[in-house]
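What follows is each chain in one-letter form.
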Amino acid sequence: MTAVDCPHTDRREGLCTACGDCLHEVILNGACFICGTTDLDPIALSPKKLPALIPADQLARKKS
């Protein structure tokens, strides 16, 4: 069950008190710190947003 499917609103530390659904808010070494699941997509959870295209001025070395 995912947080989208969980109809309950009462949560403690990211865990639903009724059904145990976890929001996976703290990820440590590829696993959820609270529930321990490793079925997480590290790229989807990554806070880094890579640019779609690298600007041309960053591809060439700057001459000093």
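All figures in this text were calculated on a predicted structure; none of them were measured in a lab.

*Asks:* Describe the overall build of the protein, listing the residues and the values that go with them.
*Replies:* Looking only at helices and strands, the protein features one helix and four strands. Scored against the burial criterion, the 64 residues of the protein give a buried share of 12%. Contacts in the protein between residues far apart in sequence, at least 24 positions, make up 0% of those at least 6 positions apart. Just so you have it, the protein exposes about 5,900 Å², and 56% of that area is on carbon and sulfur atoms.

*Asks:* For a nonpolar patch on the surface, give the residues involved together with the corresponding values.
*Replies:* On the surface, V26, L28, F33 and I34 cluster together to form a nonpolar patch covering roughly 370 Å² of accessible area. The topology assignment puts F33 in the loop between β4 (31–32) and α1 (42–45). What makes F33 exposed here is its relative accessible area of 57%.

*Asks:* Account for the confidence of the model for the protein, with residues named and values stated.
*Replies:* Predicted coordinates in regions of low pLDDT should not be interpreted in detail. Summarising the model, the protein shows a mean pLDDT of 78, and 88% of its residues fall at 70 or more. Across the protein, element-level confidence peaks in strand β1 (residues 11–12) with a mean pLDDT of 88 and bottoms out in α1 with 72.

The rules behind each value
Residues numbered from 1 in each chain as written. Predicted model: local features only at pLDDT ≥ 70, side-chain atom pairs only at ≥ 80, totals over all residues. Heavy atoms only, no water. Helix = DSSP H or I, 4+ residues; strand = E, 2+ residues; numbered from the N terminus. Buried < 20%, exposed > 50% of the residue type's maximum accessible area, 1.4 Å probe, protein only. Contact = heavy atoms within 4.5 Å. Areas by Shrake-Rupley, 256 points an atom, 1.4 Å probe, with all protein chains shown as cover. Patch = residues over 30% accessible without salt bridge, like charges linked within 9 Å, V, L, I, M, F, W, Y side chains within 5 Å. Salt bridge = Lys/Arg side-chain N within 4 Å of Asp/Glu carboxyl O. pLDDT = per-residue confidence, 0-100.

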